[in-house]
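Descriptive structure summary
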Amino acid sequence: GNISRLERGMASPPSHDILERYACLLGIKKDSDDWYEFFDRASACSGKIPQYVLSDKELVLKLPLVFRTIRGLKLNDDDLKKLPEIIRNA
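Treat the numbers as computed from the prediction; the structure is a model and nothing was measured. (Residues numbered from 1 in each chain as written. Predicted model: local features only at pLDDT ≥ 70, side-chain atom pairs only at ≥ 80, totals over all residues. Heavy atoms only, no water.)

Focus: the nonpolar core
What counts is decided by this rule: Residues enter a nonpolar core if they are buried and are Ala, Val, Leu, Ile, Met, Phe, Trp, Tyr or Cys, with the set joined through side-chain atoms within 4.5 Å. The cut-offs for exposure are 20% and 50% of the maximum accessible area for each residue type, with area from a 1.4 Å probe on protein chains only; residues under the lower value are buried, those over the upper are exposed, and the others partly exposed. Per the convention used, a helix needs a DSSP run of H or I reaching at least four residues, while a strand needs a run of E reaching at least two, with both numbered from the N terminus.
Core analysis: the biggest nonpolar cluster contains seven residues, these being Leu19, Tyr22, Ala23, Ile28, Trp35, Phe39 and Ala42. Counting residues per element, the ones that place at least two in this core are helix 2 (16–25) and helix 3 (33–45).

Comments concerning the packing of helix 2 against helix 3
Angle between the axes and distance between the axes are the two parameters that describe a pair of packed helices. The test is simple: Each axis is a line fitted through C-alpha atoms, taken for helices only over the stretch in contact, and angles between the N-to-C directions span 0 to 180 degrees. When describing relative orientation, an angle under 35 degrees is termed roughly parallel and one over 145 degrees roughly antiparallel, while 65 to 115 degrees is termed roughly perpendicular and anything else oblique. For any helix crossing, the convention is left-handed if the near helix is rotated counterclockwise from the far helix by under a right angle, and right-handed if that rotation is clockwise. Residue contacts follow a heavy-atom distance rule, with two residues in contact if any of their heavy atoms lie within 4.5 Å. Residues are grouped as follows: Ala, Val, Leu, Ile, Met, Phe, Trp, Tyr, Cys and Pro are nonpolar; Asp, Glu, Lys and Arg are charged; every other residue, Gly included, is polar.
Packing of helix 2 against helix 3 brings their axes to within 11 Å, and their N-to-C directions diverge by 135°. Classified by the angle between their axes, helix 2 and helix 3 sit oblique to one another. Between helix 2 and helix 3 lies a crossing whose hand is right-handed. Of helix 3, the residues touching helix 2 (which contributes His16, Leu19, Glu20, Tyr22, Ala23 and Cys24) are Trp35, Phe38, Phe39 and Ala42. Residues belonging to the contact of helix 2 with helix 3 are distributed by class as follows: eight nonpolar, one polar and one charged.

Some remarks on a nonpolar patch on the surface
Condition: Each patch is assembled from residues with relative accessible area greater than 30% and no salt bridge, linking like charges that lie within 9 Å and nonpolar side chains (Val, Leu, Ile, Met, Phe, Trp, Tyr) that lie within 5 Å. Per-residue and other accessible areas follow the Shrake-Rupley method at a 1.4 Å probe size, with only the shown protein chains counted as cover for residues. We define a salt bridge as a side-chain nitrogen of Lys or Arg found within 4 Å of a carboxyl oxygen belonging to Asp or Glu.
Together, Ile49, Leu54 and Phe67 make up an exposed nonpolar region whose accessible area comes to about 240 Å². Mapped onto the fold, Leu54 is located in helix 4 (residues 51–54). When its relative accessible area of 40% is taken as the criterion, Leu54 is described as partly exposed.

Below is the structure:
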């Protein structure tokens with residue numbers, strides 16, 4: 001029931017500890033790409049920037065560039081794929 005409410009946007013994402021339990025129950029291996037994607041999506045759904053991003057001072061300084069780029073451009077699939085490299089090189 002809780003996961004259904006989350007999926008339908010009727011509940012806020014739970015704490016990190018609860019999300020870890022959900023990930024384990026779903027069979028997502030800790031520290032795998034799927035693990036990080038799971039937590040990234042949970043952060044995005046709650047309107048938050050993931051903690052690992054916020055803890056990287058250099059990356060935080062580049063966030064305004066990311067937001068400006070996304071806001072100012074209509075990005076197609078190719079542009080979206082190039083965006084991480086553009087940001088890394090900024």
